[in-house]
Amino acid sequence: MSPPGASPPVALTGIKPTGSPTLGNWLGAIRPAVELTRDHRALYFIADYHALTTIHDGDALRELTYEITATWIALGLDPFESLLYRQSDVPEVFEVTWILSCFAPKGLLNRAHAYKAALDANSAAGRTTDDGVSMGLFNYPVLMAADIVAFDADVVPVGLDQKQHIEIARDLVDAVNLAYGPVLKPPAPLIREEAETIPGTDGRKMSKSYGNTLPVFAPANEMRKRIMRIVTDSRRPEDPKDPETDTLFRIYRAVAPEADVAILRDRYLEGGIGYGDVKKDLAARIEESLDEPRGVYERLMADRGELDRILAGGADRAREIAGDVLDRLRAAVGTGERLGSERRAGVGR
Ligand code: TRP
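Residues numbered from 1 in each chain as written. Predicted model: local features only at pLDDT ≥ 70, side-chain atom pairs only at ≥ 80, totals over all residues. Heavy atoms only, no water.

## Details of the packing of aromatic side chains
Thinking step 1. Evaluated as defined, the whole model comprises nine aromatic pairs.
Thinking step 2. Look at Phe103 and Tyr180: their rings are 5.8 Å apart centre to centre, the planes differ by 70°, and that puts the pair in the edge-to-face class. Of this pair, Phe103 sits in the loop between helix H4 (92–101) and helix H5 (106–110) while Tyr180 sits in helix H8 (residues 163–180), and the two are 77 residues apart along the sequence.
Thinking step 3. Residue classification places Tyr180 among the partly exposed positions, given a relative accessible area of 31%.
Thinking step 4. Every member of this aromatic cluster is reached through a ring pair, and the members are Phe45, Tyr85 and Phe151.
Thinking step 5. In this structure, Arg204 is placed above the aromatic ring of Tyr210, and the distance from its NZ or CZ to the ring centre is 4.0 Å.
Thinking step 6. We note Lys241 situated over the ring of Tyr275; from NZ or CZ to the ring centre the distance is 5.5 Å. (Phe/Tyr/Trp six-rings, centres within 6.5 Å; stacked < 30°, edge-to-face > 60°. Helix = DSSP H or I, 4+ residues; strand = E, 2+ residues; numbered from the N terminus. Buried < 20%, exposed > 50% of the residue type's maximum accessible area, 1.4 Å probe, protein only. Lys NZ or Arg CZ within 6 Å of the ring centre and 35° of its normal.)

## Brief notes about unusual backbone geometry
Thinking step 1. Backbone geometry places Asp152, a non-glycine residue, at a positive phi of 50°.
Thinking step 2. Here Asp152 is to be found in the loop between helix H7 (135–149) and strand E4 (155–158).

## Considerations on the site of the ligand
Thinking step 1. Around the ligand sit 14 residues in total, of which His50, Tyr140, Met144, Asp147 and Gln162 are the nearest.
Thinking step 2. For the ligand, a nitrogen atom lies 2.7 Å from a polar atom in the side chain of Asp147.
Thinking step 3. Within the contact set of the ligand, a nitrogen atom lies 2.9 Å away from a side-chain nitrogen or oxygen of Gln162.
Thinking step 4. When contributions to the shell around the ligand are tallied by element, the ones reaching two or more residues are strand E1 (10–15), H7 and E4.
Thinking step 5. In terms of residues, the shell around the ligand owes the most to one element, H7, which gives four residues. (Near = heavy atom within 4 Å. Polar contact = N/O pair within 3.5 Å; in protein donor to acceptor, adjacent residues only side chain to side chain.)

## Thoughts on the pairing of E1
Thinking step 1. The element E1 is extensively covered by neighbouring structure, given that five of its six residues are classed as buried.
Thinking step 2. Handedness of the E1-helix H1 (residues 23–36)-strand E2 (residues 41–46) crossover: right-handed. (Right-handed = clockwise from strand over helix to strand, strands pointing away.)

## Brief notes about the nonpolar core
Thinking step 1. Membership of the largest hydrophobic core comes to 53 residues, with the highest contact counts inside it found for Leu23, Tyr44 and Leu282.
Thinking step 2. The leading source of residues in this core is helix H12 (residues 275–301), at nine residues.
Thinking step 3. Here this core spans two domains, and each of domain 1 (10–197 + 304–344) and domain 2 (217–300) adds at least three residues to it.
Thinking step 4. When neighbours within four sequence positions are excluded, Leu282 is seen to be in contact with Ile227, Ile230, Leu248, Ile251, Tyr252 and Val255.
Thinking step 5. Core analysis: the next-biggest nonpolar cluster, separate from the first, contains 46 residues, Tyr85, Leu100, Leu109 and Val156 among them. (Core = buried A, V, L, I, M, F, W, Y, C linked by side-chain atoms within 4.5 Å. Domains from an automatic or database assignment. Contact = heavy atoms within 4.5 Å.)

## Quick notes on the domain arrangement of the protein
Quoted interface sizes are often the accessible area lost when the parts come together.
Thinking step 1. What the domain assignment lists for the protein is domain 1 (10–197 + 304–344) and domain 2 (217–300).
Thinking step 2. The C-alpha-based centres of domain 1 and domain 2 are spaced at 34 Å.
Thinking step 3. With 15 residues of domain 1 in contact, the opposing surface of domain 2 contributes 13 residues.
Thinking step 4. Taking both partners together, domain 1 and domain 2 bury about 1,100 Å²; carbon and sulfur atoms supply 72% of that area.
Thinking step 5. Taken as a group, Leu23, Trp26 and Ala74 account for 37% of the area that domain 1 buries against domain 2, more than any other trio of residues on that side.
Thinking step 6. Across the domain 1-domain 2 interface, the total number found is zero salt bridges.
Thinking step 7. Connecting domain 1 to domain 2 are one residue pair in polar contact (both at pLDDT 80 or more).
Thinking step 8. When contributions to the side of domain 1 that touches domain 2 are tallied by element, the ones reaching two or more residues are H1, helix H3 (58–74) and helix H13 (304–333).
Thinking step 9. By residue number, the principal contributor to the side of domain 1 that touches domain 2 is H3, which donates five residues. (Buried area = accessible area lost by both parts, 1.4 Å probe. Salt bridge = Lys/Arg side-chain N within 4 Å of Asp/Glu carboxyl O.)

## Observations regarding the confidence of the model for the protein
Thinking step 1. A residue-level look at the protein finds 95% of positions with pLDDT of 70 or above and a mean pLDDT of 94.
Thinking step 2. Low pLDDT, under 50, characterises residues 344–349; the predicted model gives this stretch twelve contacts beyond four residues in sequence or across chains. (pLDDT = per-residue confidence, 0-100.)

## A word on H13
Thinking step 1. Here H13 is 30 residues long and its end C-alpha atoms lie 40 Å apart, about the 44 Å a rise of 1.5 Å per residue gives.
Thinking step 2. Gly334 sits one or two residues past H13 and shows a positive phi near 90°. (Expected span 1.5 Å × (residues − 1).)

## Overview of the environment of Leu61
Thinking step 1. Relative to the helices and strands, Leu61 is located in helix H3.
Thinking step 2. Each C-alpha atom, one on Leu61 and one on Ala51, is 7.7 Å from the other, the two residues being ten residues apart in sequence.
Thinking step 3. Leaving out residues up to four positions away in the same chain, Leu61 has contacts with Pro17, Asp48, Ala51, Leu52 and Ile55.

## A short note on the packing of helix H10 (residues 247–255) against H12
Thinking step 1. The interhelical angle for the contact between H10 and H12, taken along N-to-C directions, is 30°, at an axis separation of 10 Å. If you check the angle between H10 and H12, you find them roughly parallel. Considering how the two elements wind past one another, H10 and H12 form a crossing that is left-handed. Contacts from Leu248, Ile251, Tyr252 and Val255 in H10 reach Tyr275, Val278, Lys279, Asp281, Leu282, Arg285 and Ile286 in H12.
Thinking step 2. Taken together, the residues of the contact of H10 with H12 break down into eight nonpolar, no polar and three charged. (Axes fitted to C-alpha atoms, helices over the stretch in contact; angles between N-to-C directions. Parallel < 35°, antiparallel > 145°, perpendicular 65-115°, else oblique. Left-handed = near helix turned anticlockwise from the far one by under 90°. Nonpolar A, V, L, I, M, F, W, Y, C, P; charged D, E, K, R; others polar.)

Below is the structure:
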């Protein structure tokens, strides 16, 4: 919470466009990020150049970028109040990436989880160490650090799996600031509780790779079908049930108001409800909360020109912020003024 009159802290996060958004993405990431915009200046972007480490199909990447943009707006992000932009539209970020890479110890990046996982998979499969490992994958954490520091972000809301990346970003900030004084702002992670992880229809973590997802904007009847197929145990309506281990209950808890959750919990414990009825109730609630967003989503997806304009507007504002930081950095490292750029306040602190 910021004192009155002070500008609110900057919350920044990147969304990798790797698949159609699921209910898990909404409840676990999008909804909390939208809530954060109430007391933060929010900068949210589509990390398309991070996705390029895995998606090598131009049409698919372009389409996913539109999908993510439309999804976030449909689910409540106001792209005029907050900033919503496409990473690749902000060239300043990539210049910052190079500068940071000159302060990134290779040994540090050797220890990055995603890179190490690729090496482990190779050795397990009897392949050569770096088989299929691109420099993009290796440098992924440096680009991510640039995403963050180029906007003087205060907090970075992410899942636990991204914690190491934020630590690397902080290490790079320290290295730069050690050389030049306080040029860059060290970001703090804002880690989402794992307890909020939404299970998929088979009870495992909801994940595209398990094929157990509930896609947010699936047609209503498809959503209902998938909900009716959620796996439960074979307890009858009159049997007492454990709400904590039941997939249905865990999803219900994330979508229903607290008072209704308390009622359902009691009925589970007492044995007063069957899974079939819970499924119907859950499907109705999800349908009700997604009906209007689905309309917005479909309208936006039918108007790419509108999405282009929104992204272009976001990029304009983003470039101004990143340009200021880049001016500061260039002044510090000695590469001089950017041609055509006006030196702004704060240079050479
Ligand atoms: N690596 C993040 C992910 O996989 C996406 C991301 C890219 C990001 N740049 C970022 C997140 C900057 C936070 C801040 O989800």
